[in-house]
Structures are given as C-alpha cells and as structure tokens.
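# Summary of structural features
What follows is the residue order along each chain.
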Amino acid sequence: MNSLKDNLKDKLITLETTPPKSPTLNDMLEKLEKSKAYEYVDGFSTTDCPLSKLKYNSIIAAFRLQEKFKKPVIATMTMRDRNKIALQSDLLGANDLGITNILALTGDPAKMSDQPNVKGVVEGSSLLLLEIIRAFNNGMDYGGKEFNIKPKPITPFAVSNSYAKNFSTIERKIFKKVKNYAVGIITQPVYDIEIVDKMIAIRNKVRKEFEDERKEFEIIFGFFPITRLKTAQFLHSHVPGIYVPDKWIEKLIKAHKISEEEEYKVGLELSRNLFQKLLKIHPKIHIMTANRFEIVKELF
C-alpha cells in the first residue's frame, strides 16, 4: 500500500474522516461508499478522539478504511492519551496492520472531554512522537533497543496553523517538525490565496535549511468547505490559526437573509472556486467535511 510520500511530489488529495462513538464503523463506511467521495481522493485520514470526545479507535478505523477502499490512510495519534509505552505499542500494532502513515498531534486538552475527570497524559508534544517514529524507522525503539524484526517504514505527518499575526511563529514550528523528519505538514483550513502564498514561501524558506531528504517536505493545505454563515463566523472568531476573509462573511450574510438554500449555494460557490484555484496552484490538499462526504464531489 502506497505510503502517500510519493504523491507529495505531484498531487495528493486526502479526505478526513471522524470515526463515530460506536463499537462499529460500518455506518460511516456505508455513508462514504454511498457518497462516492472515495473516487475523488488519493487517500484518507482518521481523527483521534477530536475535542477529547470518546470515539472509535483511529488506527483500527484506518485499517478498516484501507481494507474497504484499497487506498492509503493517515492514522492520527495524539500525545494526550498515551505515554511512551502506549505510543510505541500502538505503532507496532499499526505497523502489523499496514498502517504506516501517521499524523502526529499533541491533541486537544483533556478538559474538553465528554468523559468525567479525564486527565491528559501528554509526556511531550507531537515532536516526541516524531522522534519515536524516527527511532522506529532506524529499526529501534525509543530506548535505543533494536527490534528483532525491523518495522515497515513509517511516513510521519504533522500539522500547522494557517494564519498568525506573526507568520515567523508558524515558520519556527514547521521547522522543528521538519527537523524531526515530518514529510508533510497539514495546515488548518485556508480561505485566502494570499495566505496560501505566504505558507508556500515559508515552505521554500524552511527547505533551504536542509541538505538531505527533509528538503523535500511539503505543505498540504487543509480545506473545509463553508456552506453556512454560522460556520464562517465561528471559524473566524473562535478557532485560532484560521483566517476567513471579510468578503466571505459579507456574501454569506446577504445570502442568509434571502434563504437557507441561497446561503448554501453562495457558500459552496465560494468554496469550490477557492478549491479549484488551489488545485492549479498547489494540488496537495486535505479535505475536511465533518463527515459530510457528499459535498466532496461538489468541489470538483
């Protein structure tokens, strides 16, 4: 199964999936199959209990998706719920299942959880998981002990904000992750080509810091279609690291006053136009739909 690393040299379109709070993934798989969204993407990702809410395991979900659609899947692993032993244990199990694309996250705070009195583990940031993956790729555990059977190569991904008042902050964080061999940096959703240009400039600058394979790392732009005014306002006002242009909000306000159908139509048109521009400028895109898989075909 393709590690997705080769796709980064040309074109890579992935689709985020959020496993349910359920003992089965069947409903999500059926919904994805019915939507035909899998026909438009090169692979998928699975989230790992986002917002610290209890969900189906991300690694097993990745395995189910990979088996069902025969396309590679990036399994998210957060530092919030695992110590070094659990992280490495999960990586070993994932490796045996053929899940070798891993997205390293620190994770949302445990205090956001829907489970009582949850405590976060967080032995380190996502950089620690990247260090562990690097050890695995060198045939040893984090303690420096060699494995009797070397794990399959793991392709590590990481994340980044797509907006900041001072973009040098984003640059420093990306540099640290690439230094720890992240091959792809998935950003928060983008809604402005100027932001895209700034992020590509950061990529080019960071690449110059390396002389080995790390100089080939790539930015993968997050893309979340906006079809509701309240979504645009929420992202703009309450989600750090995302910038929604005023012109988007103004157009959605006008459409909202007309009808819900007009609001959806205007939002989808804004989203589709930007998506098509991204495809031409930088066809490395991670689509996020909050499991509204049917919207994927509307973007192409």
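Described in the following lines is the structure provided in the data block.

Reading the values: the criteria
- Residues numbered from 1 in each chain as written.
- Predicted model: local features only at pLDDT ≥ 70, side-chain atom pairs only at ≥ 80, totals over all residues.
- Heavy atoms only, no water.
- Pairing = 2+ DSSP bridges.
- Helix = DSSP H or I, 4+ residues; strand = E, 2+ residues; numbered from the N terminus.
- Axes fitted to C-alpha atoms, helices over the stretch in contact; angles between N-to-C directions.
- Contact = heavy atoms within 4.5 Å.
- Buried < 20%, exposed > 50% of the residue type's maximum accessible area, 1.4 Å probe, protein only.
- Arc of directions from axis to C-beta.
- Parallel < 35°, antiparallel > 145°, perpendicular 65-115°, else oblique.
- Left-handed = near helix turned anticlockwise from the far one by under 90°.
- Nonpolar A, V, L, I, M, F, W, Y, C, P; charged D, E, K, R; others polar.
- Right-handed = clockwise from strand over helix to strand, strands pointing away.
- Salt bridge = Lys/Arg side-chain N within 4 Å of Asp/Glu carboxyl O.
- Phe/Tyr/Trp six-rings, centres within 6.5 Å; stacked < 30°, edge-to-face > 60°.
- Lys NZ or Arg CZ within 6 Å of the ring centre and 35° of its normal.

## Re the sheet that holds strand β1 (residues 12-17)
Taken in spatial order, the eight strands close into a barrel running β1-β2-β3-β4-β5-β6-β7-β8, and their pairing is parallel. Between one strand axis and the next, the sheet turns through 30° on average, direction left out of account. Sheet topology places β1 next to strand β8 (residues 284-287); four bridges connect them, and they run parallel. Bridging from a neighbouring strand, leucine 12 pairs with lysine 284 of β8. Each of β5 (155-160), β6 (184-189) and β7 (218-223) touches helix α5 (residues 167-179); the most contacted strand, β5, lies at about 170° to it. Contacts from helix α6 (residues 193-207) reach β5, β6 and β7 within the one sheet, and its direction differs from that of β7 by about 160°.

## Some remarks on helix α1 (residues 26-35)
Note: α-helices contain 3.6 residues per turn, so residues at a spacing of three or four share the same orientation. Residues of α1 that are buried: Met28, Leu29, Leu32 and Ser35. For α1, the angular spread of the buried residues around the axis is 130°, confining them to a single face. Opposite the packed face of α1, turned more than 90 degrees from it, sit the exposed residues Asp27 and Lys34. Each element contacted by the buried residues of α1 is listed here: β1, β2 (43-46), α2 (58-69) and α10 (296-299). The positive-phi residue at the C-terminal boundary of α1 is lysine 36, with phi of around 65°.

## Some details on the packing of helix α3 (residues 84-96) against helix α4 (residues 126-137)
Where α3 contacts α4, the axes come no closer than 11 Å and their chain directions differ by 50°. Between α3 and α4, the crossing angle belongs to the class labelled oblique. The handedness of the crossing between α3 and α4 is right-handed. Along its contact with α3, which presents Lys84, Leu87, Gln88, Leu91 and Leu92, the element α4 presents Leu128, Leu129, Ile132, Ile133 and Phe136. Among the residues forming the contact of α3 with α4, the class breakdown is eight nonpolar, one polar and one charged.

## Overview of the pairing of β1
Residues in a regular strand project their side chains so that they alternate between the two faces of the sheet. β1 sits mainly inside the fold: six of its six residues count as buried. In this sheet, β2 lies alongside β1 in parallel orientation, the contact comprising four bridges. Counterpart to threonine 14 in the pairing with β2 is glycine 43. In this fold, the crossover linking β1 to β2 by way of α1 has right-handed handedness.

## Some points on the pattern of salt bridges
Pairing between side chains of opposite charge can happen when their charged atoms approach one another. A complete count under the given rule lists 14 salt bridges for this structure. Where glutamate 171 meets lysine 205, a salt bridge forms, and the shortest distance between an N and an O atom there is 3.6 Å. Of this pair, glutamate 171 sits in helix α5 while lysine 205 sits in helix α6, and the two are 34 residues apart along the sequence. Given the relative accessible area of 47%, lysine 205 is considered partly exposed. The partner of arginine 272 in a salt bridge is glutamate 298, with the nearest N and O atoms 3.9 Å apart. One end of the pair, arginine 272, is in helix α9 (residues 260-281); the other, glutamate 298, is in helix α10, with 26 residues separating them in the sequence. On the basis of relative accessible area, arginine 272 is assigned to the partly exposed category, the value being 27%.

## Observations concerning the packing of aromatic side chains
Evaluation of the coordinates by the stated rule reveals ten aromatic pairs. Between tyrosine 163 and tyrosine 243 the ring centres are 5.2 Å apart and the planes differ by 25°, which places this aromatic pair in the stacked class. Here tyrosine 163 is found in the loop between β5 and α5, whereas its partner tyrosine 243 is found in the loop between α7 (229-238) and α8 (246-258), with 80 residues between them in sequence. With a relative accessible area of 30%, tyrosine 163 lands in the partly exposed category. Counting every residue linked through ring pairs, the aromatic cluster contains Tyr40, Phe223, Phe275 and Phe300. The ring of phenylalanine 293 is capped by lysine 31, whose NZ or CZ atom sits 5.8 Å from the centre of that ring.

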